[in-house]
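# Inside the fold
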Amino acid sequence: MLQGLGTTVLIAICAILIGTVLGCVFALMKISENKFLRAVAEVYTTVIRGIPLATQLMIFYFVIFAPTGMDRLLVAIISYGINSGAYCTEIFRAGIQGVDIGQTEAGRSLGLSKWQTLYKIVLPQAVKAVLPTYTSEFIVLIKETSVASFIAVMDLTKAGDKIRNATYNAWIPLLTCAVIYLCLTLGLTKLFSLIEKRMAKSDRS
């Protein structure tokens, strides 16, 4: 169980980091004036969000990375990261475009360049706006790591399944997995809630 929990947390953390980077890049592409970049970002988010995660995971493992012999844990991390990136793209895009256009105009009138305005004025406000949705994405990602067992990754769900097969007792391992997942999600919800409160407090001060 501890080994499976460690693998679950590792996959989730690495995937959300990859997803955050991809989300930032593709969100900027989506709001770009370049039609080609917008089209690439649109195809990425449409395809990835339109295919079930379990299907994507098996495509990456059995088709794309099969010739390379890549470790299944690394395949899972990459798969989850790419999947998370599509959702982070829309989260970040909505946050950036949700900032009042007057903020951008004010920055430009002060002599800031387009990128300076984005970095110094728009993004800080967008980060605060998207934090609740970003939190939800991370929590969903942790729960979705359970399908990593489809490619025999020893995550928390797979560990519980092996114990069930060895002991012929489904109650204890499955309920233990459920409780651990619940504790993880509740803990993260509380943590991000504290972060939101601190950011709100800093705004008021």
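This one's a predicted model, so the numbers in the text were calculated from it and none came from an experiment. (Residues numbered from 1 in each chain as written. Predicted model: local features only at pLDDT ≥ 70, side-chain atom pairs only at ≥ 80, totals over all residues. Heavy atoms only, no water.)

### A word on unusual backbone geometry
The condition that has to hold: Secondary structure is summarised from DSSP: a helix means a run of H or I of at least four residues, a strand means a run of E of at least two, and numbering begins at the N terminus for each. Throughout this description, buried means an accessible area under 20% of the type-specific maximum (1.4 Å probe, protein chains only), exposed means over 50%, and partly exposed covers the range between.
Of note in the backbone geometry, alanine 152 takes a positive phi value of approximately 65° without being a glycine. If you trace the backbone, alanine 152 turns up in the loop between helix 6 (114–144) and helix 7 (156–167). A relative accessible area of 40% means that alanine 152 is categorised as partly exposed. With a phi close to 60°, tyrosine 168 is a non-glycine residue in the positive phi region. The residue tyrosine 168 is located in the loop between helix 7 and helix 8 (171–204) in this model.

### Concerning the pattern of salt bridges
Operational definition: We count a salt bridge whenever a side-chain nitrogen from Lys or Arg sits within 4 Å of a carboxyl oxygen from Asp or Glu.
Across all of its chains, the model carries four salt bridges by this definition. For the salt bridge of lysine 30 with glutamate 90, the shortest nitrogen-to-oxygen distance reads 2.3 Å. Of this pair, lysine 30 sits in helix 1 (residues 2–30) while glutamate 90 sits in helix 4 (residues 72–98); the two residues are 60 residues apart in sequence, bridging distant segments of the chain. Glutamate 90 shares its class with lysine 30; the two are buried. By sharing partners, the salt bridges in this structure join Lys30, Glu42, Glu90 and Arg93 into a single network.

### Considerations on the packing of helix 1 against helix 6
Counted only if it meets this: Whenever a helix is involved, its axis is fitted only over the stretch in contact; in every case the axis is a line through C-alpha atoms, and angles between N-to-C directions fall within 0 to 180 degrees. Note: crossing handedness is left-handed where the near helix turns anticlockwise from the far helix by less than a right angle, and right-handed where it turns clockwise. Two residues qualify as a contact provided that any one of their heavy atoms is within 4.5 Å of a heavy atom in the partner residue. Note that Gly is not counted as nonpolar here; it falls among the polar residues with everything else outside the nonpolar set of Ala, Val, Leu, Ile, Met, Phe, Trp, Tyr, Cys and Pro and the charged set of Asp, Glu, Lys and Arg.
With their axes 11 Å apart at the nearest point, helix 1 and helix 6 run at an angle of 145° to one another. For the crossing formed where helix 1 meets helix 6, the hand is right-handed. In contact with Thr8, Ala12, Ile13, Ala15, Ile16, Thr20 and Leu28 of helix 1, helix 6 contributes Trp115, Leu118, Tyr134, Glu137, Phe138, Leu141 and Ile142. Class assignment for the residues of the contact of helix 1 with helix 6 results in eleven nonpolar, two polar and one charged.

### Overview of helix 3 (residues 53–64)
When helix 3 is considered as a whole, its buried residues turn out to be Leu53, Ala54, Gln56, Leu57, Phe60 and Tyr61. Where helix 3 is buried, its residues contact helix 2 (35–50), helix 4 and helix 6.

### Some words on the packing of aromatic side chains
For clarity, the threshold we go by: Pairing of aromatic rings covers Phe, Tyr and the six-membered ring of Trp, with a centre-to-centre limit of 6.5 Å; geometry is then stacked below 30 degrees between planes, edge-to-face above 60, and tilted otherwise.
On inspection of all chains with the given rule, the structure shows five aromatic pairs. Ring centres 4.9 Å apart and planes at 80° place the aromatic pair tyrosine 61 and phenylalanine 62 in the edge-to-face group. Geometrically, the ring pair formed by phenylalanine 138 and phenylalanine 192 is edge-to-face, given 6.3 Å between the ring centres and 85° between the ring planes. Residue phenylalanine 138 is found in helix 6, and its partner phenylalanine 192 is found in helix 8; the two are separated by 54 residues along the sequence. Among the residues examined, phenylalanine 138 registers a relative accessible area of 10% and is labelled buried. According to the relative accessible area criterion, phenylalanine 192 is buried, its value standing at 11%.

### A closer look at the nonpolar core
Counted only if it meets this: Only buried Ala, Val, Leu, Ile, Met, Phe, Trp, Tyr and Cys residues count toward a nonpolar core, and they belong to the same one when joined by side-chain atoms within 4.5 Å.
Counting residues in each nonpolar core, the largest one holds 33 residues, and the members touching the most others are Ile11, Ala76, Tyr80, Phe92 and Phe138. Where this core is concerned, the elements lending two or more residues are helix 1, helix 3, helix 4, helix 6 and helix 8. Counting six residues, the second-largest nonpolar core is a separate cluster that includes Phe26, Met29, Ala41 and Ile48.

### Section: the state of the cysteines
The cut-off we apply is this: Disulfides are defined as cysteine sulfur pairs within 2.5 Å.
Summed over all chains, the structure comprises zero disulfides. The thiol of cysteine 88 is not disulfide-bonded; the next cysteine sulfur, from cysteine 24, is found 8.0 Å away. Residue cysteine 177 stays outside any disulfide, its sulfur separated by 12 Å from that of cysteine 183, the closest cysteine.

### A word on the side chain of threonine 7
Relative to the helices and strands, threonine 7 resides in helix 1. The exposure class assigned to threonine 7 is buried, which follows from its relative accessible area of 13%.

### Quick word on the environment of lysine 114
Mapped onto the elements of the fold, lysine 114 is located in helix 6. Lysine 114 sits in the partly exposed class, given a relative accessible area of 44%. Lysine 114 sits 20 residues away from tyrosine 134 along the chain, and the two C-alpha atoms are 25 Å apart. Ignoring any residue separated from it by four or fewer positions in sequence, one finds lysine 114 in contact with Glu33 and Arg108.

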